[in-house]
Amino acid sequence: MAATPAGQHAHWSSRFAFILAAVGSAVGLGNLWRFPFQTGDNGGSAFVLIYIGCVALFALPVLMAEIAIGRHAQQSAISSTRKMAQEAGRSANWAIVGWVCTAGGFLILTTYSVIAGQVLAYSASGFYGGFSQPDGANLFYRGEFTQLAWHAGFMIITVLIVARGLKGGIEQVATFLMPLFFVMLIGLTIYSLATGAASEAIAYLFTPDFSAVTGQTFVAALGQAFFSVSVASAIMITYGSYLSKDTNIGSSSILIASADTLVALIAGLMIFPIVFMVGIDPAAGLGLIFTALPAVFADMPAGNIIGGAFFALAFIAAITSSISLLEGTVAFVEEHSDFSRPTAAWLLGFFAFMIGAGAVWSSDFGGLFVDWLSGSFLLPLGGLLVAVFAGWVIPKSLMREEMSHASNGLFAFFHFCVKFVVPPAIGFILFLGLDAKFNGGAIGAMLGLG
Ligand code: TRP
């Protein structure tokens, strides 16, 4: 199989392949499913602006740090952080940075796959003609057993790709699917703007209105930025470790974060014209794409095909993300055990499936807990740790050396952010999250962030 010979770490075949795989990781359900409903829940345009700020000030610097750490050490996230700390004369316990990130990425995979399975089922319903039948959007998605079957199916596809390795699996899928994704995205967006309520959607997304902003808007925007750019979860360290020394980390990171943000905005332009055309509440929440959109497709000419294509698009976005989520853990296990890559991928995929299945079965206990643990706790904590690691633990000269292609200005911006901006901001958010979880949000409410 594509397992790497001992002592020889795999590498991307080109910078282009790396960029496509990293953009594939970043662009996912976070852009198509989470970004629209977060925007709707948080008042539209103001959230969009704050979100863009969070990407630039928090997610982008952490992304640069992760790629630099991985590229420097050429190992999985846990080993990379350990190796780099030791090189800097610091404690090997700093590998905790890698551990937290790896655990976070793995846990996200468990529930990500459940939702991606639902996306796949809805795509099938659409192409089958389900949207025009009464209550037919979930034609193939009724009952827990069906949910688990789609969840399993999606996980199996993920495992099959990761098992094939970097070049034969991840890279091939990304270079084939990402261009297809962009073509479909542009096509569906033009269609939506042409048939839907385009001007209303544009006003909703881009006319600044700060009356709806609260502290909660910032919390949501930061969480969304980390989730969407795929940072703080071992993936970008791992993908960075497959890079060769001549790649420009600064410009690559800017490209990845910009492409991800652009896709989120375009996804907004694709979804909201349809939402406004039929007068759905944009704050319909988590179900926006699963309940609101199929109802709209039902009344549209060729709605089944358009709807099927929309969910197929979301599936493509999801699969290029889930392979990165699994890869973060597989790279570590492959490195530290006798398991071959395929065995590691199947084993970890199976565990992730079981945890996700538990979340489906006990949706009001386990599911919410897994979601909280990964999204609201491990992700911010991982981001905080990466920033502290890159800003305070590793000497500035070592980071500079790894980012030698970056201009002085860009590097200064990067280092200032990971040292002084990201840690306090995320520390505060993490605190608010814990307060909300275990203290009923009492302190948050006191600060007017309820
Ligand atoms: N960024 C992906 C999305 O937007 C999901 C994802 C991939 C992710 N890797 C991640 C989220 C790591 C958090 C952490 O859907």
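The following paragraphs examine the structure supplied in this document. (Residues numbered from 1 in each chain as written. Predicted model: local features only at pLDDT ≥ 70, side-chain atom pairs only at ≥ 80, totals over all residues. Heavy atoms only, no water.)

## A few points about the site of the ligand
Thought 1: In the region of the ligand, 17 residues are neighbours, and A26, G30, Y112, F227 and S233 sit closest.
Thought 2: Within the contact set of the ligand, a nitrogen atom lies 3.3 Å away from a backbone nitrogen or oxygen of S25.
Thought 3: Take L29: an N or O atom from its main chain is 3.0 Å from an oxygen atom of the ligand.
Thought 4: In isolation the ligand has 360 Å² of accessible area, and contact with the protein removes 100% of it.
Thought 5: Elements with a contribution of two residues or more to the shell around the ligand: α1 (15-26), α2 (29-41), α5 (96-128), α9 (215-229) and α13 (303-336).
Thought 6: The class makeup of the residues in the shell around the ligand is eight nonpolar, nine polar and no charged. (Near = heavy atom within 4 Å. Polar contact = N/O pair within 3.5 Å; in protein donor to acceptor, adjacent residues only side chain to side chain. Areas by Shrake-Rupley, 256 points an atom, 1.4 Å probe, with all protein chains shown as cover. Helix = DSSP H or I, 4+ residues; strand = E, 2+ residues; numbered from the N terminus. Nonpolar A, V, L, I, M, F, W, Y, C, P; charged D, E, K, R; others polar.)

## Re empty space enclosed by the protein
Thought 1: Per the counting criterion, the structure on display carries two cavities of 30 Å³ or more.
Thought 2: Looking at the largest cavity, its volume works out to about 130 Å³.
Thought 3: Elements supplying a minimum of two residues to the lining of the largest cavity: α1, α2, α5, α9 and α13.
Thought 4: One number sums up the size of the second largest cavity: a volume of about 70 Å³.
Thought 5: Forming the walls of the second largest cavity are L188, Y191, S192, M270, I271, I274, L293, F297, I306 and F310. (1 Å grid on protein atoms, 1.4 Å probe; cavity = no way out; pocket = protein on both sides within 12 Å on 5 of 7 lines; lining within 4 Å. Points joined across faces, edges and corners; volume = space filled by probe spheres on them.)

## Here's the deal with the packing of aromatic side chains
Thought 1: Taken as a whole and judged by the stated rule, the model has 28 aromatic pairs.
Thought 2: On the numbers, 5.1 Å between centres and 85° between planes, the contact of W12 with Y239 is edge-to-face. You can see W12 sitting in the segment before α1 and its partner Y239 sitting in helix α10 (residues 235-241), a full 227 residues away along the chain.
Thought 3: In this structure W12 comes out as buried when scored by relative accessible area, which is 8%.
Thought 4: What makes Y239 buried here is its relative accessible area of 1%.
Thought 5: Considering the side-chain rings of W12 and Y242, the 5.8 Å spacing of their centres and the 80° angle between planes classify their relative orientation as edge-to-face. Separated by 230 residues along the polypeptide, W12 in the segment before α1 and Y242 in the loop between α10 and α11 (249-277) bring together distant segments of the chain. (Phe/Tyr/Trp six-rings, centres within 6.5 Å; stacked < 30°, edge-to-face > 60°. Buried < 20%, exposed > 50% of the residue type's maximum accessible area, 1.4 Å probe, protein only.)

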